[in-house]
Amino acid sequence: ADAAAAKAEKLGAADPAVLSSLVIYYNETGHELKAAETQARYAGLVPQVPAARQRAEQLYFDMAQPLLQKGDFGAAVTILQSGADHLKDSAQIQLALGVACYGLRRFDDAAGAFLRTIAIAPGTEQPYAFLGKFLDQIPGRLPEVTKVFETYAAANPTKATGYFLQAKAMNTQA
């Protein structure tokens, strides 16, 4: 069955029906990462079906979430990086990738993932809060992060969070 699936994937790489069937096969045979990658390729072939992309994001996230919860950040990064590579502009994947990198104390990578999350979904508060926790660990990114906090504060003038984070970043720079 695995050999047949590999052959189907090779010959039907551009066929949405083949890829959709392979996702089912990979899920049922315990090949979750392969299922997520195939679902992401399927979603790329059918951009008019938003649910296909959402399903791919969910497959990646469902694999990574238990790893994040038990502190296996290295394994989570591997899965989430695959998700980020296959699903450009996924705020959910970028946010989770930032959390995993933070857990590994890879602060610059975490900051990059949180900043990408903000670029994709500027109204999502979590990446701002995460960035505010380790400003002293990313001195090279402080001007960029400060600017992001300024933009957030301007877009949300009734929320104290933006002003607090902006002040915290400015204080860290000083």
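To be clear, the structure that these remarks concern was listed above.
The following paragraphs examine the structure supplied in this document. What you see is a predicted model; the values in this text were computed from it and never measured.

Here we take up the overall build of the protein. A count of helices and strands for the protein gives 10 helices and 0 strands. Overall, the protein shows an N-to-C arrangement of helices and strands of α-α-α-α-α-α-α-α-α-α. Relative to its full complement of 174 residues, the protein shows a buried share of 42%. Restricting the contact set of the protein to residue pairs at least 6 apart, pairs at least 24 apart contribute 48%. Accessible surface computed for the protein: about 9,000 Å², of which carbon and sulfur atoms make up 56%.

Considering all chains together, one arrives at 7 aromatic pairs under this definition. Summarising the aromatic geometry, the rings of Tyr 102 and Phe 134 are spaced 5.2 Å apart at their centres and angled 45° between planes, so their arrangement reads as tilted. Within this pair, whereas Tyr 102 is found in helix H6 (residues 91-103), its partner Phe 134 is found in the loop between helix H8 (126-133) and helix H9 (142-155), the two being separated by 32 residues in sequence. Since its relative accessible area comes to 30%, Tyr 102 is described here as partly exposed.

Further remarks concern the environment of Ala 56. With respect to the secondary-structure elements, Ala 56 resides in helix H4 (residues 50-69). By relative accessible area, Ala 56 is classed as buried at 0%. Spatially, the C-alpha atoms of Ala 56 and Phe 107 are 27 Å apart, while their sequence positions differ by 51 residues. Look past the residues within four positions of Ala 56 in its chain and what remains in contact with it is Ala 36, Gln 39, Ala 40 and Leu 87.

This next bit is on the pattern of salt bridges. Throughout the structure, instances matching the rule amount to 7 salt bridges. Across the pair Glu 9 and Arg 41 runs a salt bridge whose closest N-O atoms are separated by 2.1 Å. Here Glu 9 is found in helix H1 (residues 2-11), whereas its partner Arg 41 is found in helix H3 (residues 32-45), with 32 residues between them in sequence. The partner of Asp 109 in a salt bridge is Arg 106, and the shortest N-O contact between them spans 2.9 Å. Overall, Arg 106 belongs to the partly exposed group, its relative accessible area being 35%. Beyond isolated ion pairs, a larger network of salt bridges with shared partners links Glu 9, Lys 34 and Arg 41.

Where H8 contacts H9, the two axes come as close as 11 Å, and the packing angle between them is 140°. The angle between H8 and H9 places the two elements in the oblique class. Between H8 and H9 lies a crossing whose hand is left-handed. Of the residues in H9, those in contact with Tyr 128, Leu 131 and Gly 132 of H8 are Val 145, Val 148, Phe 149 and Tyr 152. Residue classes in the contact of H8 with H9 are distributed as 6 nonpolar, 1 polar and no charged.

Turning our eyes to something else, we now look at the packing of H4 against helix H5 (residues 73-86). Direction vectors running N to C along H4 and H5 enclose 160°, while the axes themselves pass 8 Å from each other. With respect to each other, H4 and H5 are oriented roughly antiparallel. The interaxial crossing formed by H4 with H5 has left-handed handedness. Along its contact with H4, which presents Tyr 60, Met 63, Ala 64, Leu 67 and Leu 68, the element H5 presents Phe 73, Ala 75, Ala 76, Ile 79, Leu 80, Ser 82, Gly 83 and His 86.

Glu 9 gets classed as buried once you look at its relative accessible area, which sits at 12%. A polar contact of 3.4 Å, which involves the side chain of Glu 9, links it to the side chain of Lys 34. Sequence-distant contacts of Glu 9, defined by excluding residues within four places in its chain, comprise Leu 22, Tyr 26, Lys 34, Thr 38 and Arg 41.

Cut-offs used in this document
Residues numbered from 1 in each chain as written. Predicted model: local features only at pLDDT ≥ 70, side-chain atom pairs only at ≥ 80, totals over all residues. Heavy atoms only, no water. Helix = DSSP H or I, 4+ residues; strand = E, 2+ residues; numbered from the N terminus. Buried < 20%, exposed > 50% of the residue type's maximum accessible area, 1.4 Å probe, protein only. Contact = heavy atoms within 4.5 Å. Areas by Shrake-Rupley, 256 points an atom, 1.4 Å probe, with all protein chains shown as cover. Phe/Tyr/Trp six-rings, centres within 6.5 Å; stacked < 30°, edge-to-face > 60°. Salt bridge = Lys/Arg side-chain N within 4 Å of Asp/Glu carboxyl O. Axes fitted to C-alpha atoms, helices over the stretch in contact; angles between N-to-C directions. Parallel < 35°, antiparallel > 145°, perpendicular 65-115°, else oblique. Left-handed = near helix turned anticlockwise from the far one by under 90°. Nonpolar A, V, L, I, M, F, W, Y, C, P; charged D, E, K, R; others polar. Polar contact = N/O pair within 3.5 Å; in protein donor to acceptor, adjacent residues only side chain to side chain.

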